[in-house]
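# Tertiary structure, described
What follows is each chain in one-letter form.
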Amino acid sequence: MDADTPAPETAPTSLPPLRTLYFEDLAVGMSETLSKTVLSSDVVGFAEVSGDRNPIHLSEHFAARTPFRTRIAHGLYTASLISAVLGTRLPGPGAIYLSQTLNFHAPVHIGDTVTVTVEVAELVERGRRARLTCICAVDGKTVLDGEALVKVPTRAEGPKLL
């Protein structure tokens with residue numbers, strides 16, 4: 001971080017409650033939504049964890065000289081909000097991420113509220129896989145979309161977390 005990187009602010013964390021859905025519970029069309037306002041501290045923390053210290057994310061002085069004119073969140077930070085939905089709600093604990101496609105359409109700025117919607121698009125009985133469409137939007141405008149493929153446990157194989 002450079003001298004003009006703001007100190008991380010503190011804000012209450014609001015994580016969705018865990019919910020486990022097994023393969024038998026899923027149906028095409030089921031969806032889950034999560035909204036998260038992007039804080040400067042989120043971006044700084046993501047830079048520290050990922051090692052991506054590109055000044056477009058950390059320095060207002062640098063970002064002011066770019067087409068964005070202000071700091072933006074890491075694209076993979078935004079994508080990680082999809083992971084939050086998959087790992088906590090749809091399908092939840094026990095699901096195994098197999099793949100994810102990502103298409104970036106617009107930047108996410110600090111202060112933006114990202115709404116993530118994950119929807120079951122297809123269920124594949126063999127291997128108990130679910131194909132999920134994933135959309136991240138800010139003010140109704142898609143900033144990122146893609147598809148995830150996850151392996152989902154059956155009730156018989158667990159996990160018995162919740």
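Refer to the structure presented above.
These lines cover the structure that appears in this document, whether it is placed above or below. Please read all numbers here as calculations on a predicted model, not as lab measurements.

## So, the nonpolar core
Ile 82, Leu 90, Val 114, Val 116, Val 118 and Leu 132 are the most contacted members of the largest nonpolar core, which totals 29 residues. Contributions of two or more residues to this core are made by α4 (75-88), β4 (113-124), β5 (129-138) and β6 (141-151). Top contributing element to this core by residue count: α4, with six residues. The residues touching Leu 132, leaving out its near neighbours within four places in the chain, are Leu 86, Leu 90, Val 118, Glu 119, Val 120, Ala 121, Gly 146, Glu 147, Ala 148 and Val 150.

## Comments concerning helix α1 (residues 40-50)
Every buried residue of α1 is accounted for by Ser 40, Ser 41, Asp 42, Val 43, Val 44 and Ala 47. Where α1 is buried, its residues contact β1 (31-37), α2 (55-58) and α4. Two residues or fewer past α1, Gly 51 is found with a positive phi of approximately 85°.

## Comments concerning the environment of Thr 113
Secondary-structure assignment places Thr 113 in strand β4. Thr 113 gets classed as partly exposed once you look at its relative accessible area, which sits at 35%. The sequence separation of Thr 113 and Asp 139 amounts to 26 residues, and the corresponding C-alpha distance is 7.6 Å. In this structure, Thr 113 is in contact with Ser 35, Lys 36, Thr 37, Ala 137, Val 138 and Asp 139, ignoring residues within four places of it in sequence. Side-chain polar atoms of Thr 113 contact the side chain of Thr 37, separated by 2.7 Å.

Reading the values: rules and limits
- Residues numbered from 1 in each chain as written.
- Predicted model: local features only at pLDDT ≥ 70, side-chain atom pairs only at ≥ 80, totals over all residues.
- Heavy atoms only, no water.
- Core = buried A, V, L, I, M, F, W, Y, C linked by side-chain atoms within 4.5 Å.
- Buried < 20%, exposed > 50% of the residue type's maximum accessible area, 1.4 Å probe, protein only.
- Helix = DSSP H or I, 4+ residues; strand = E, 2+ residues; numbered from the N terminus.
- Contact = heavy atoms within 4.5 Å.
- Polar contact = N/O pair within 3.5 Å; in protein donor to acceptor, adjacent residues only side chain to side chain.

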